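Coordinates in review
What follows is each chain in one-letter form.
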Amino acid sequence: MKQSYLTNERIYLRAVEPEDMDIMYEMENDPSMWDISNFTVPYSRYVLRQYIEGSQCDVFADKQLRLMIVSKSDHDILGTIDITDFVPLHSRGEVGIAVHKDYRRQGYATDALKLLCEYAFGFLSLKQLYAHVAVDNEVCLKLFASCGFTQCGLLKNWLQVEGCYKDAVLLQCLNPRK
C-alpha cells in the first residue's frame, strides 16, 4: 500500500494554512483567472480568513477540498488544486486547479493533478472526477487529457467571459480501481 498520496519528487499537496492568506488573496483576485471560476467579485481577506478557519479539510464534511501545491525544493506555494461540488451519494467531485503565473508551463499542474487523482481514487475511493474547460483553453485540455480525463460532453454557451459566451468541454476521469 502506498504510504503517501500527496507527494512526489518535486511537489507536495497540503491543507490550507492561515499563512497562505496572501498568496490566496493574490491568486483569487487575479482577473485573468476569473473566467475559470464561478466567482464574480474579488475576495476580501475577511472572506478568505473565514474560509480557512471554517474548513475542516475533510471533503466529506466540507463537500470540497482545497490543497496547496508546494515546491519541495524551497517550499514556495505554486498554486491550488480543489475538489468542489463533492456529492458523496454519487462519489464524484469537480476538479479545479490554479497555478500562480510565475510557475506556469513547468509541469507543476500535471504533477498536482496526478497526485490529486491518486489520492481521490486510491485513498478516498471516489468513483469519478470531472472538470469543465473552455474549448479554446488548449493548455488545460492537454493537461487533463495527460492525466487520464476524457471528453464526454460539450456544453454550449457554458461560460461567460468578457461579455461573450464560450462552449465548455466536459471532461471525466473514472476510478480505474472501481
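Look a little higher up for the structure.
So, here is what we can say about the structure in this document. Because the structure is a prediction, the values reported are computed rather than measured.

**Considering the overall build of the protein chain**
The helix and strand inventory of the protein chain stands at 5 helices and 7 strands. Relative to the 2.2 N^0.38 estimate, which gives 16 Å for 178 residues, the radius of gyration of the protein chain is 16 Å and therefore close to what a compact globule would have. Each of the three principal axes of the protein chain carries a C-alpha extent, and together these read 45 × 40 × 35 Å. By residue count, 42% of the 178 residues in the protein chain fall in the buried class. Pairs at least 24 residues apart make up 60% of the contacts formed inside the protein chain by residues separated by at least 6 positions. Across the protein chain, the centroid of the 19 positively charged side chains sits 6 Å from that of the 24 negatively charged ones.

**Examining the pairing of strand β3 (residues 77–87)**
Within β3, 8 of the 11 residues are buried, which leaves it mostly tucked inside the rest of the structure. Here strand β2 (residues 65–71) pairs with β3 via 6 bridges, running antiparallel. Residue pairing in the sheet places Leu67 in a bridge with Ile81 of β3. Linking β2 to β3, which pair antiparallel, is a turn of 5 residues; within it His75 sits at a positive phi near 65°. Pairing analysis gives 7 bridges linking β3 to strand β4 (residues 92–99), with the strands arranged antiparallel. Residue pairing across strands places Thr80 opposite Ala98, the latter belonging to β4. Here β3 folds back onto β4 in antiparallel fashion, the turn holding 4 residues, of which Ser91 has a positive phi close to 55°.

**Remarks on the sheet that holds β4**
The mixed open sheet is built from 7 strands, whose spatial order is β1-β2-β3-β4-β5-β7-β6. Two strands in the sheet have a free side with no partner beyond their single neighbour: β1 (11–15) and β6 (150–161). For this sheet the average axis-to-axis angle between neighbouring strands, irrespective of direction, equals 30°. Taken strand by strand, helix α1 (residues 21–28) contacts β2, β3 and β4, and its axis lies near 105° from that of β2.

**Details of the side chain of Arg66**
Here Arg66 is to be found in strand β2. Residue Arg66 is classed as buried on the basis of its relative accessible area of 14%. Within polar-contact distance, the side chain of Arg66 engages the side chain of Asp82 at 2.6 Å. Ignoring anything within four residues of it in the chain, the contact list for Arg66 reads Arg14, Ala15, Val16, Met24, Glu28, Tyr51, Thr80, Ile81 and Asp82.

**Here's the deal with the side chain of Asn175**
Inspection of the secondary structure puts Asn175 in the segment after β7 (164–174). Residue classification places Asn175 among the buried positions, given a relative accessible area of 3%. Here Leu126 takes part through its backbone oxygen, which lies 2.8 Å from a polar atom of the side chain of Asn175. Filtering out sequence-adjacent residues up to four positions away, Asn175 remains in contact with Phe121, Ser125, Leu126 and Lys127.

**Thoughts on the packing of helix α4 (residues 108–123) against helix α5 (residues 138–146)**
When two helices pack together, their arrangement is captured by the angle between the axes and the distance separating the axes. One can describe the packing of α4 onto α5 by two numbers: an axis separation of 9 Å at closest approach and a directional angle of 40°. Taken together, α4 and α5 sit at an angle that is classed as oblique. Once α4 is placed against α5, the crossing between them reads as right-handed. Along its contact with α4, which presents Ala109, Thr110, Leu113 and Lys114, the element α5 presents Leu143, Phe144 and Ser146.

The rules behind the values
Residues numbered from 1 in each chain as written. Predicted model: local features only at pLDDT ≥ 70, side-chain atom pairs only at ≥ 80, totals over all residues. Heavy atoms only, no water. Helix = DSSP H or I, 4+ residues; strand = E, 2+ residues; numbered from the N terminus. Rg over C-alpha atoms; globule rule 2.2 N^0.38 Å. Buried < 20%, exposed > 50% of the residue type's maximum accessible area, 1.4 Å probe, protein only. Contact = heavy atoms within 4.5 Å. Lys, Arg positive; Asp, Glu negative; His and termini not counted. Charge placed at Lys NZ, Arg CZ, Asp CG, Glu CD. Pairing = 2+ DSSP bridges. Axes fitted to C-alpha atoms, helices over the stretch in contact; angles between N-to-C directions. Polar contact = N/O pair within 3.5 Å; in protein donor to acceptor, adjacent residues only side chain to side chain. Parallel < 35°, antiparallel > 145°, perpendicular 65-115°, else oblique. Left-handed = near helix turned anticlockwise from the far one by under 90°.

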